[in-house]
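A look at the structure
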Protein chains: 2
Amino acid sequence: MELNEYFPMWDKLTAPQQTRLLAASQKRHFDRGQIVHNGLTDCTGLFLLQSGQLRAYTISEEGREITMYRLFERDICLFSASCILRSIQFDIVIEAEKATEAWMVPADTYKKVMEESAPLANYTNEIMASRFSDVMWLLDQIMWKSLDRRLAHFLLEESALENTTTLKLTHELIGNHLGTAREVVTRMLRYFQSEGMVKLSRGTVELTDLDRLEKLESK
Amino acid sequence: MELNEYFPMWDKLTAPQQTRLLAASQKRHFDRGQIVHNGLTDCTGLFLLQSGQLRAYTISEEGREITMYRLFERDICLFSASCILRSIQFDIVIEAEKATEAWMVPADTYKKVMEESAPLANYTNEIMASRFSDVMWLLDQIMWKSLDRRLAHFLLEESALENTTTLKLTHELIGNHLGTAREVVTRMLRYFQSEGMVKLSRGTVELTDLDRLEKLESK
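A short tour of the structure in this document, coming up. Predicted model, so just to flag it, every value in this text is computed and none were measured. (Residues numbered from 1 in each chain as written. Chains lettered and ligands numbered in written order. Predicted model: local features only at pLDDT ≥ 70, side-chain atom pairs only at ≥ 80, totals over all residues. Heavy atoms only, no water.)

Quick look at the sheet that holds strand β8 (residues 198-201) of chain A now. Residues and elements named next belong to chain A. Strands sit in the order β7-β9-β8 across an open sheet of three strands; the sheet is antiparallel. The two strands at the open ends of the sheet, each matched to only one other strand, are β7 (166-168) and β8. In this sheet, neighbouring strand axes are inclined to one another by 20° on average, regardless of whether the strands run parallel or antiparallel. The pairing of β7 with strand β9 (residues 204-207) spans three bridges and is classified as antiparallel. Across the sheet, the residue bridging to K168 is T204, located in β9. (Pairing = 2+ DSSP bridges. Helix = DSSP H or I, 4+ residues; strand = E, 2+ residues; numbered from the N terminus. Axes fitted to C-alpha atoms, helices over the stretch in contact; angles between N-to-C directions.)

The subject of this paragraph is the state of the cysteines. Counted under the stated rule, the structure contains two disulfides over all chains. Across the disulfide, C43 of chain B is cross-linked to C83 of chain B (sulfur-sulfur distance 1.8 Å). Disulfide C43 of chain B-C83 of chain B: the torsion about the S-S bond is -75°, which places it as left-handed. Residue C43 of chain B is found in the loop between β2 (35-38) and β3 (45-59), and its partner C83 of chain B is found in the loop between β5 (76-77) and β6 (93-106); the two are separated by 40 residues along the sequence. By relative accessible area, C43 of chain B is classed as partly exposed at 21%. Residue C77 of chain A stays outside any disulfide, its sulfur separated by 11 Å from that of C43 of chain A, the closest cysteine. The exposure class assigned to C77 of chain A is buried, which follows from its relative accessible area of 1%. (Disulfide = S-S within 2.5 Å. Buried < 20%, exposed > 50% of the residue type's maximum accessible area, 1.4 Å probe, protein only.)

Moving on to the pattern of salt bridges. Pairs can form between side chains of opposite charge whenever their charged atoms are close. The final tally for this structure, using the stated rule, is 24 salt bridges over all chains. R55 of chain A is the partner of E65 of chain A in a salt bridge, and the nearest nitrogen-oxygen pair spans 2.7 Å. With E65 of chain A in strand β4 (residues 65-72) and R55 of chain A in strand β3 (residues 45-59), this residue pair connects regions lying ten residues apart in the sequence. Across the salt bridge formed by K98 of chain B and E162 of chain B, the nearest N and O atoms sit 3.7 Å from each other. (Salt bridge = Lys/Arg side-chain N within 4 Å of Asp/Glu carboxyl O.)

Structure follows, in structure tokens:
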């Protein structure tokens, strides 16, 4: 197992610490659309992504969603082990956006090693600081960027991730990423279409003018 | 000096670690309105609040503000030492909202002890997780709560902090807390006034119906 590839400070763990983490870790597979983690009461462990894509999001009381961040190959999913930190007082849901292979390090094993290892505790700090930065970026976007810029950014990001300009996305799904009602997304997409930036058909959004979308994104 | 009162794991530090932290720490005073920390390039150290009140906020490119969280007596201000964590990639500003007395633990000393002490690294993790939870609460408010609820919450919080129902607050200042334009705040306050919940005069907002404000807040 290649846990050392996920933890740059692996060599600073003692041999018994390394052995405990290795012995406890298990291989996991998630199908596309499967829920990996569901709120504060759920605390399986950390997931180390070998391949695939995870999406972390929050849900309002009324069931509306907004994407906080995504995780890719070689990323560590920390909040699926939120019980290792008492002060984490928020619910997030993590779902597999693509079929995902991961190593799972159980929360209790990880917590015990982290409590005695300064290098692992400091590295955990860095992972959390990185997610904190993602959420601060999102807050900045929501507060100060208009929806047209956020939608342009989202479409370009999807296009890069899927490596295609023809995106299979419903307006409702886009709304769930951006925390916006479907109707609002539809209206904005129609405006984009009238400006020649996209072409809409049932269940797909084709990006027809990447240059203008990029200009809009960085406006 | 009473650093142990801020760090519940103080006894788990070695004697030399305790001595280094104590020897490096300095007393600091901030006047009301003084800037304690200004963005990523600024990295003085951690502030341990003996008395007073700090406000952490972000600013848009256009100069608009939104309050992320506040810190009070016995709280630890971590992000004024943001350089101790490489992965913190966001700018925040911290200002003294009231005259504030604090111990300052220099960032480099703290970082060195944290790198070798698992208890201090884990406690730092808890502080960050707590601020992360504050920001997630804010994100939830912004995304899903209407401005009338957020304004009612803010007025009630101010009233509790200042221990008075007659608040000295300009509409611009309220806008800076809520991340909203002054005109929008004025309009909402006038609606509150027409409903008998507040009474407005130059530079003050008097809360005249706490019950209804509380009902609105928890609507």
